[in-house]
Amino acid sequence: KDPFDQFKVWFDEATANDKIEEANAMCLATASKDGFPSARMVLLKKYGPEGFTFYTNYTSRKGGELDSNPRAALVFYWEPLKRSIRVEGNVERVPMEESKAYFHSRPISSQIGAWVSDQSKVINDRSVLTDKEAELTAKHQEGGEPMPFPTHWGGYRVVPRSIEFWQGQSNRIHDRIKFRIPEEGESTAEDSKWVLERLAP
């Protein structure tokens, strides 16, 4: 009845699987305002009925696309389990206080990384990054000055309109179960806000 209950079962099993190094890795697909698509891997940091949350540089290509066209798709693929999950939905920025709390919970090296990289911008060479990293590490290493919160960095949340679970089968007749938000006037199962459908593989 609730896709997040099913997601938790599969995500926990993927996390516990020794053959899966980063169960929270997901492909994020976005599109520019005129519809040109792009995709990249990001890491899921939080999930629940409110949606799927990840963090990035707001001035990056994906940040620009999400701000101008706030829709996205996510794909998780766990090959050892022959399982995949697809999520489609609208996107919103998480509140700044939530982004701040997460930023300051990260290791100092990760905090520095958020400041070092002007993500997606052209740079002359790698020293642009390593020199900035060395400068910030000397100033903000453990015991040094606290790292300020970068206002150009924070979270996005994909609020799902549909979540599909795919279970591979050796006979190629795979299982596809889709939860989606109902259209206006469409009924749902009792005690559920989702329409549940089985799709042909």
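Up top is the structure these notes are about.
All values reported here derive from a predicted model rather than from experimental measurement.

Conventions we followed
- Residues numbered from 1 in each chain as written.
- Predicted model: local features only at pLDDT ≥ 70, side-chain atom pairs only at ≥ 80, totals over all residues.
- Heavy atoms only, no water.
- Helix = DSSP H or I, 4+ residues; strand = E, 2+ residues; numbered from the N terminus.
- Buried < 20%, exposed > 50% of the residue type's maximum accessible area, 1.4 Å probe, protein only.
- Contact = heavy atoms within 4.5 Å.
- Phe/Tyr/Trp six-rings, centres within 6.5 Å; stacked < 30°, edge-to-face > 60°.
- Lys NZ or Arg CZ within 6 Å of the ring centre and 35° of its normal.

Draft legend 1. Focus on the overall build of the protein. In terms of regular secondary structure, the protein is built from five helices and nine strands. Ordered by position in the sequence, the α and β elements of the protein form the string α-β-β-β-β-α-β-β-α-α-α-β-β-β. For the protein, the spread of C-alpha atoms along the principal axes amounts to about 55 × 40 × 30 Å. Sorting the 201 residues of the protein into buried and exposed places 38% on the buried side.

Draft legend 2. Molecular detail of the side chain of asparagine 24. Within the fold, asparagine 24 resides in the loop between helix 1 (3-16) and strand 1 (25-31). When neighbours within four sequence positions are excluded, asparagine 24 is seen to be in contact with Phe11, Val42, Leu43, Leu44, Lys45 and Phe76.

Draft legend 3. Focus on the packing of aromatic side chains. One pass over the full model with this rule turns up 18 aromatic pairs. In this structure an aromatic cluster arises from ring pairing among Phe4, Phe7, Phe11, Tyr47, Phe52, Phe76 and Trp78. Positioned above the aromatic ring of tyrosine 58, the side-chain terminus of arginine 93 is 3.7 Å from the ring centre.

Draft legend 4. Here's a closer look at the environment of leucine 196. Within the element layout of this structure, leucine 196 appears in strand 9 (residues 195-199). Taking the C-alpha atoms as reference points, leucine 196 and lysine 178, 18 residues apart in sequence, are found 5.8 Å from one another. Those residues in contact with leucine 196 that sit more than four places away from it in its chain are Ile177, Lys178 and Phe179.

Bear in mind that shape data such as this cannot, by itself, settle questions of function.
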